[in-house]
Amino acid sequence: MGIKDFDTKTLDIILERMIESVGKSKDEIFRIGEQSRTDHEMLTSELAEVEELTARVICEGDRLEGQVRKARDVLSEVSMHFKDYTEDEVREAYEKAHQLQMELTLNRQMERQLGERKKDLQRRMCSIRETIDRADHLVSQISVVMNYLMSDLKEMGEILEDAKLKQEFGIKIIEAQEEERKRLSREIHDGPAQMLANVMMRSDLIERVYREDGIEAAIAEIKSFKQMVRTSLYEVRRIIYDLRPMALDDLGLVPTLKKYLRTIEDYYKTVKITFFNLKEERRLPANYEVALFRLIQESVQNALKHAEATEIQVKLEISGNAVTVVVKDDGKGFDPKKRKYNSFGIMGMKERVDLLGGQFAISSKPGKGAAVIIQVPFPDGK
């Protein structure tokens, strides 16, 4: 399956579902972690109560143990001098010693139970703490996975979409080359070829006028003939400029741009084109001069053909090892985010700027004109 047949929308749907599924898992683990934290807080509170109660029980046990020793001493005294005490006093000494011993036994039993409870709470807290740590770790890992899903895989979709556009762009280049050949064929046929045919006819006409009407009529006809030849020469030069201005190799970018823009202004009549060279005028590497000329040419042609502009400003700044170009028009403008079907002109310009390692931007709004901004670094030397 080729890139052209690949549905990037399907990849987007798969990506969205993966992100949604991973996001739900992350939320569920987060809820588990939060519930574990709540349970941990409850157990911590209960452990504090158990420890406080244990302290009171131990304190009470110590007190009871002291009383038991005293009661045993009293009981021992009564047993040794049994005859000196009444029956009620003996019974009371036994009952008190027994009662205190029972209370101490219950106290020690409660202390052991509280100790077991404390150990159980600590074990549960330790287990919950591990659950919280694992949940936090999983949430962290899932966040990393989601970042990859939302960046790398999304970038993959963009790469595929870009590759698809480039494939379409390549096809459009072939189509554009054929269209350019057709256009040149029509222009040469309708312009210079027709005028050359007229030259032949007019030359025959001049001879006939000279024979029939005399020298003055022939001179008038020759003047008209010269104007027609001049127009033909202008059309030929315009076609040559569209293909590749010879002055670009001889004079450089700035003089060629000045001449080209004057030629375009004279040809269209309805548009005013202003050129500003903001910094020094110097030669650039040949491939950069050609590329920048084509970019400016494309921008101006877009302003004329699509924007219906009446005023165009071209600004060029060569500073250090960088060139900045701004082509601004007062045309009808457009929304740069909405690429029309088959409108590959802007994409072609961006591709050319990317190959030069530069930056390309368009600022435009419907009804507010447009500005093409190009910044290109270039190496030292020509």
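Everything below is about the structure printed above this text.
Visitor: Would you mind showing me how to read the sheet that holds strand β3 (residues 322-329) here?
Guide: Within a sheet, each strand pairs with its neighbour through backbone hydrogen bonds, oriented either parallel or antiparallel. Spatial ordering of the open sheet is given by β1-β2-β3-β5-β4, a layout of five strands whose pairing is mixed. Edge positions in the sheet fall to β1 (272-277) and β4 (359-364), since each has one partner strand and no second. Averaged over neighbouring strand pairs, the angle between their axes works out to 10 degrees when direction is ignored. Pairing of strand β2 (residues 311-319) with β3 involves eight bridges; the strand directions are antiparallel. Bridge assignment links Gln-313 to a residue of β3, and that residue is Lys-328. Sheet strands in contact with helix α5 (residues 253-268) are β1 and β2, and its direction is about 170 degrees off that of β1. Contacting β1, β2, β3 and β5 (370-377), helix α6 (residues 286-305) runs over the sheet at an angle of about 10 degrees to β3.

Visitor: Explain the nonpolar core here, please?
Guide: Across soluble globular proteins, nonpolar side chains have a tendency to be buried as a group. Within the largest apolar cluster, 36 residues are counted, with the highest numbers of intra-cluster contacts made by Val-300, Ile-312 and Leu-316. Of all the secondary structure elements, the ones that give two or more residues to this core are α5, β1, α6, β2, β3, α7 (345-355) and β5. Broken down by element, this core gets its largest block of residues, nine residues, from α6. Discounting chain neighbours no more than four positions away, the residues touching Ile-312 are Val-271, Lys-272, Ile-273, Thr-274, Val-300, Ala-303, Leu-304, Val-327, Lys-328 and Asp-329. By size, the runner-up hydrophobic cluster in this structure holds 10 residues, among which are Leu-64, Ala-71, Leu-75 and Ala-93.

Reading the values: rules and limits
Residues numbered from 1 in each chain as written. Predicted model: local features only at pLDDT ≥ 70, side-chain atom pairs only at ≥ 80, totals over all residues. Heavy atoms only, no water. Pairing = 2+ DSSP bridges. Helix = DSSP H or I, 4+ residues; strand = E, 2+ residues; numbered from the N terminus. Axes fitted to C-alpha atoms, helices over the stretch in contact; angles between N-to-C directions. Contact = heavy atoms within 4.5 Å. Core = buried A, V, L, I, M, F, W, Y, C linked by side-chain atoms within 4.5 Å. Buried < 20%, exposed > 50% of the residue type's maximum accessible area, 1.4 Å probe, protein only.

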